[in-house]
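What the coordinates show
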Amino acid sequence: MDYFRKRGGQPKLVYLLGHEDKAKFEAAFQNFLKDPDWVAARDASEANGKIVEKVDATFFTTLPFSSMK
């Protein structure tokens, strides 16, 4: 954590997920945010205060040589 504070940034938790296209990605992400099990786990983990300031969802496009296709 000191590494990020010295540089003025915040620690980040990053998940990389695969989806066929952006529309499916966005639908899956919205469903995830409403999932009752996830909401309960999030609320329990934040009982003493928020642990993240914001959640970003970014869709990346693979390059022609990527093995992620």
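Note: the structure precedes this text.
Residues numbered from 1 in each chain as written. Predicted model: local features only at pLDDT ≥ 70, side-chain atom pairs only at ≥ 80, totals over all residues. Heavy atoms only, no water.

Here we look at the pattern of salt bridges
Counted only if it meets this: The salt bridge criterion pairs a side-chain nitrogen of Lys or Arg with a carboxyl oxygen of Asp or Glu, the two atoms within 4 Å. To sort residues, take the accessible area from a 1.4 Å probe on protein chains only and compare it with the maximum for the residue type: under 20% means buried, over 50% means exposed, and anything in between is partly exposed.
This model, assessed by the stated rule, comprises 3 salt bridges. Between Lys-24 and Glu-20 there is a salt bridge whose closest N-O contact spans 3.0 Å. In this structure, Arg-42 and Asp-43 form a salt bridge, with 3.0 Å as the shortest nitrogen-oxygen distance. Residue Arg-42 is classed as partly exposed on the basis of its relative accessible area, which comes to 28%. The class of Asp-43 is partly exposed, set by a relative accessible area of 43%.

Topic: the layout of surface pockets
Let me state the cut-off plainly: Lining residues are those with an atom within 4 Å of a point, where the points come from a 1 Å grid over the protein atoms alone and group into cavities, where a 1.4 Å probe fits but cannot get out, or pockets, open sets with protein on both sides within 12 Å along at least five of seven lines. Grid points are joined across faces, edges and corners, and a volume is the space filled by probe spheres set on the points. Secondary structure elements follow DSSP: runs of H or I of four or more residues count as helices, runs of E of two or more count as strands, with numbering from the N terminus. Residues are grouped as follows: nonpolar covers Ala, Val, Leu, Ile, Met, Phe, Trp, Tyr, Cys and Pro; charged covers Asp, Glu, Lys and Arg; every other residue, Gly included, is treated as polar.
Taken as a whole, the largest pocket holds about 1600 Å³ of empty space. Counting residues per element, the ones that place at least two in the lining of the largest pocket are helix H2 (22-34) and helix H3 (36-45). Broken down by element, the lining of the largest pocket gets its largest block of residues, 4 residues, from H2. Across the lining of the largest pocket, the residue classes break down as 18 nonpolar, 7 polar and 8 charged.

What to know about the packing of aromatic side chains
Aromatic ring pairs are reported here in terms of the distance separating the ring centres and the angle at which the planes meet. So the rule is basically this: Only rings of Phe, Tyr and Trp enter the pairing, Trp through its six-membered ring, and a pair is recorded when the two centres are within 6.5 Å. The plane angle decides the type: under 30 degrees is stacked, over 60 is edge-to-face, the rest tilted.
Inspection of the entire model under this criterion finds 4 aromatic pairs. Ring centres of Phe-25 and Phe-59 lie 5.5 Å apart, and the angle between their planes is 55°; this geometry places the pair in the tilted category. On the criterion of sequence distance, the pair formed by Phe-25 in helix H2 and Phe-59 in the segment after H3 is long-range, its members being 34 residues apart. On the accessibility criterion, Phe-25 (12% relative accessible area) is buried. Since its relative accessible area comes to 29%, Phe-59 is described here as partly exposed. For the ring pair Phe-32 and Trp-38, a centre distance of 4.7 Å and an interplane angle of 45° mean the geometry is tilted. Judged by relative accessible area, Trp-38 falls into the partly exposed class, the value being 25%. Pairwise contacts between aromatic rings join Phe-25, Phe-29, Phe-32, Trp-38 and Phe-59 into one cluster.

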